[in-house]
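Secondary and tertiary structure notes
Here is how the chains run, residue by residue.
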Amino acid sequence: MRNFRLNIVFMQIANSKIEELKSMLQTPKNIVILSHTNPDGDAIGSSLAWAEILKNGGHNVTPIVPNKYPYYLDFMPNTSSILFYKDDKEGRVKSALKSADIIFCLDFHTMTRLDGLGDIIDENQHAKRVLIDHHLDPNEDFDLMISYPEASSTCYLVALLIESMFGAETITASMAENLFVGMMTDTGNFAFSTITPDVFRVVSILASKGIDIPAIHNHVYNSFTEGRARLFGYVINRKMKIFHNGTVACMSLTSDELKRFWFQQGDSEGFVNYPLTIKKMKMSAIFTEHTDHIRVSLRSRGNIDVNVFAQRYFNGGGHKNAAGGKSFMSMEDTLKHFEASVKEYSREGNI
Ligand code: 5GP
Ligand code: MN
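Criteria and thresholds
- Residues numbered from 1 in each chain as written.
- Chains lettered and ligands numbered in written order.
- Predicted model: local features only at pLDDT ≥ 70, side-chain atom pairs only at ≥ 80, totals over all residues.
- Heavy atoms only, no water.
- Pairing = 2+ DSSP bridges.
- Helix = DSSP H or I, 4+ residues; strand = E, 2+ residues; numbered from the N terminus.
- Axes fitted to C-alpha atoms, helices over the stretch in contact; angles between N-to-C directions.
- Parallel < 35°, antiparallel > 145°, perpendicular 65-115°, else oblique.
- Left-handed = near helix turned anticlockwise from the far one by under 90°.
- Contact = heavy atoms within 4.5 Å.
- Nonpolar A, V, L, I, M, F, W, Y, C, P; charged D, E, K, R; others polar.
- Core = buried A, V, L, I, M, F, W, Y, C linked by side-chain atoms within 4.5 Å.
- Buried < 20%, exposed > 50% of the residue type's maximum accessible area, 1.4 Å probe, protein only.
- Salt bridge = Lys/Arg side-chain N within 4 Å of Asp/Glu carboxyl O.
- Donors = N, O, S within 2.8 Å, 3.2 Å for Na, K, Ca; no water.
- Near = heavy atom within 4 Å.
- Polar contact = N/O pair within 3.5 Å; in protein donor to acceptor, adjacent residues only side chain to side chain.
- Areas by Shrake-Rupley, 256 points an atom, 1.4 Å probe, with all protein chains shown as cover.
- Domains from an automatic or database assignment.
- Buried area = accessible area lost by both parts, 1.4 Å probe.

**As for the sheet that holds strand β11 (residues 317-318)**
Here we have six strands laid out as an open sheet, ordered β7-β8-β9-β10-β12-β11, and mixed in their pairing. Unpaired on one side and paired on the other, β7 (241-243) and β11 mark the two borders of the sheet. Taken together, the two bridges between β11 and strand β12 (residues 322-327) define a ladder with antiparallel strand orientation. In the sheet register, Gly-318 faces β12, and the bridge partner there is Ala-323.

**Concerning the packing of helix α12 (residues 306-313) against helix α13 (residues 331-347)**
Following both chains from N to C, one finds α12 and α13 inclined at 125°, their axes separated by 11 Å at the closest point. One way to sum up the angle between α12 and α13 is to call them oblique. Two packed elements cross with a definite hand, and for α12 against α13 that hand is right-handed. Taken together, the residues of α13 that come into contact with α12 (itself represented by Val-308, Phe-309, Arg-312 and Tyr-313) are His-337, Phe-338, Ser-341, Val-342, Glu-344 and Tyr-345. Within the contact of α12 with α13, the residues separate by chemical class into six nonpolar, two polar and two charged.

**Observations concerning the nonpolar core**
If you look at the biggest cluster of nonpolar residues, it comprises 60 residues, and the most contacted ones within it are Leu-21, Trp-50, Phe-104 and Ile-132. Here the element with the most residues in this core is helix α6 (residues 154-166); it accounts for nine residues. Among all residues touching Leu-21, those that are not within four sequence positions of it are Trp-50, Phe-104, Val-130, Leu-144, Ile-146, Leu-161 and Met-165. Counting 21 residues, the second largest nonpolar core, distinct from the first, contains Phe-243, Ala-285, Val-296 and Phe-338.

**What about the pattern of salt bridges?**
Here the structure, examined in full by the defined rule, presents 15 salt bridges. Among the ionic pairs, Lys-326 bridges to Asp-115, the shortest N-O distance being 3.5 Å. With Lys-326 in strand β12 and Asp-115 in the loop between β4 (102-106) and α5 (117-123), this pair connects stretches of sequence that are 211 residues apart. Owing to a relative accessible area of 29%, Lys-326 belongs among the partly exposed residues under this scheme. With relative accessibility at 43%, the residue Asp-115 sits in the partly exposed group.

**Remarks on the coordination of the manganese ion (ligand 2)**
On the protein side, the manganese ion (ligand 2) has Asp-42 (OD), Asp-107 (OD), His-134 (NE2) and Asp-186 (OD) as donor atoms, found 2.1 to 2.3 Å from it. Spacing between the donor residues of the manganese ion (ligand 2) along their common chain follows D-x64-D-x26-H-x51-D. Taken together, the positions of Asp-42 in helix α3 (residues 41-56) and Asp-186 in helix α7 (residues 173-186) put the pair 144 residues apart, joining distant regions of the chain. Neither Asp-42 nor Asp-186 differs from the other in exposure class; each is buried.

**What to know about the site of ligand 1**
What surrounds ligand 1 is a group of 15 residues, the closest being His-135, Arg-295, Ser-297, Arg-299 and Gly-324. One of the backbone N or O atoms of Gly-324 is found 3.1 Å from an oxygen atom in ligand 1. When the free accessible area of ligand 1 is taken as 500 Å², the share hidden by the protein chains comes to 86%. Listing elements by their share of the shell around ligand 1, those giving two or more residues are β10 (294-300), β11 and β12. In terms of residues, the shell around ligand 1 owes the most to one element, β12, which gives four residues.

**Here we look at unusual backbone geometry**
Positive phi outside glycine occurs at Asn-78, with the angle close to 70°. Tracing the chain through its elements places Asn-78 in the loop between β2 (60-65) and β3 (83-84). On the basis of relative accessible area, Asn-78 is assigned to the partly exposed category, the value being 36%.

**Structural notes on the domain arrangement of the chain**
Split into domains, the chain comes out as domain 1 (2-220) and domain 2 (226-347). One C-alpha centre belongs to domain 1, the other to domain 2, and the line joining them spans 27 Å. Contacts between the two partners involve 14 residues from domain 1 and, on the opposite side, 13 residues from domain 2. Summed over both sides, the interface between domain 1 and domain 2 buries roughly 1,000 Å², with carbon and sulfur atoms accounting for 41% of that surface. On the domain 1 side of the interface with domain 2, the three residues burying the most area are Asn-38, Tyr-71 and Leu-136, jointly 42% of the side's total. Taken together, domain 1 and domain 2 are joined by one salt bridge. One can count four residue pairs in polar contact (both at pLDDT 80 or more) joining domain 1 with domain 2. The residue inventory of the side of domain 1 that touches domain 2, partitioned by class, reads five nonpolar, six polar and three charged.

Now the structure itself:
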């Protein structure tokens, strides 16, 4: 049996924050909703649902992300309304940010996760900045912080916000679909220790809006390319290294290897979880080579804190059991650095 702390079973966003948000939104505003680089289902789902409810309330809303989301999220409702900073030749991102009265930052906790976009935001000093997020240790740089690291996803937080500000009846089928995607993906299909009874209460509200859950599941988990399936076989069979007495696994993919398997952004999503299906495995890492850095993805089981590990050794962060960061060394040196870091971390009793 699991014990839930009372406040998590009935998780509620503080009334004072709700009131402050309501008063910000009393008159029609120019609103930008921002989410992080390499946006995932939670980033896109929370941005689009929040955008829709605000639009329905008469606001002018622009959802923006630094770069494109993975191809298998294309089915999500209203993705055509998103602006991608990297592809924005007409300067629409800049002008939306310039005229924004409120900038909502969803599903990230530090401006470093916005790459170049952070500087443009700083040019607008009059906009109110509001954080809606579930990552640990957020920057304090916001006018209003709706930061709940115990929440399993930002979509769950947005659902709670909509429910308490406008009522569950205002959730449309498209909002429900977007929110469900983030709640499902950020909980590993409702399997991680972050789930609570209240998550399922919210899911039941979303399900009552008529969303097709099996179809959503198929879109997200069964719509990959052939290249991805072959790359997965390759990385597990040929590249997975297990050490530290069978408790730590790491994998790496160079840009040449990625090219061989016709890599598209998002194709390696989820690979890092697989080594944790091995009994006794406690921590897993994957290193993927990009043009100017190596992307680091970390997962752990139980008490092993990969958020601290990512902060300390890989300029990153995230959650206790799922974190990421970057390395600017060669792949060979990155892997050596990883092994040495695991040794140091375990000497301190952390693994
Ligand atoms: P993923 O491995 O799925 O890319 O990322 C897992 C989690 O780690 C994300 O939800 C995010 O919180 C965090 N994360 C990933 N990359 C970075 C990074 O470069 N910096 C920080 N601070 N967090 C990251
Ligand atoms: Mn999230």
